[in-house]
Structures are given as C-alpha cells and as structure tokens.
Amino acid sequence: MRTTDDLPCGALEFADDGRIAHANAALHADLGYARDELVGVPIDTILPAGARIFMLTHLRPMLQLHGRVDEAY
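Residues numbered from 1 in each chain as written. Predicted model: local features only at pLDDT ≥ 70, side-chain atom pairs only at ≥ 80, totals over all residues. Heavy atoms only, no water.

## Overview of the environment of Cys 9
And then number 1: In this fold, Cys 9 is placed in the segment before β1 (12-14).
And then number 2: In this structure the C-alpha to C-alpha distance between Cys 9 and Leu 27, which are 18 residues apart in sequence, comes to 6.9 Å.
And then number 3: Ignoring sequence-local partners within four residues, the contact set of Cys 9 consists of Asn 24 and Ala 26. (Helix = DSSP H or I, 4+ residues; strand = E, 2+ residues; numbered from the N terminus. Contact = heavy atoms within 4.5 Å.)

## Some thoughts on unusual backbone geometry
And then number 1: One non-glycine residue, Asp 36, lies in positive phi territory at about 65°.
And then number 2: Looking at where Asp 36 falls in the secondary structure, it is placed in the loop between α1 (25-31) and α2 (49-66).
And then number 3: Look at Asp 36 and you get partly exposed, because its relative accessible area is 46%. (Buried < 20%, exposed > 50% of the residue type's maximum accessible area, 1.4 Å probe, protein only.)

## Regarding the environment of Pro 61
And then number 1: Its place among the elements puts Pro 61 in helix α2.
And then number 2: In this structure, the C-alpha to C-alpha distance between Pro 61 and Ala 26, residues 35 residues apart in sequence, is 27 Å.

Put into structure tokens, the structure is as follows:
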C-alpha cells in the first residue's frame, strides 16, 4: 500500500482546528524540518501571508462545504 511518503512532492494532512496531523517526507525535506517536527503545529505557522489568506478564504470554506480538497495550487 502506498502512502503520502511515497509522493515526490510535499503533502500534509491537518485537523479541523488547523493543526498539522501528518506531513510527508518530501515536505519535511523541502521545508528543512526534522521528521514529525511539524505534527501538532498550526498550519498557519508554515504559510506566508498570501497563503494564509488563500487558506482562510478558499480552502477552509471548501473543506467545510465538501469535506475535502483534492488539489490546490
């Protein structure tokens, strides 16, 4: 069975409260964090201002409406 750790790009999962539940190996490497150092951290702390605004105005509403976001660029 494949996991997000098999992906060549960074991927993460976060809880309803905005805290990171899982980050894959590629994201840790890209951001320079040690393994599992991001778990439990609010996602806002790793996002620049523009991405935080996008998260609040687009991603969170889609999550609340549909329960998922398949892709975001």
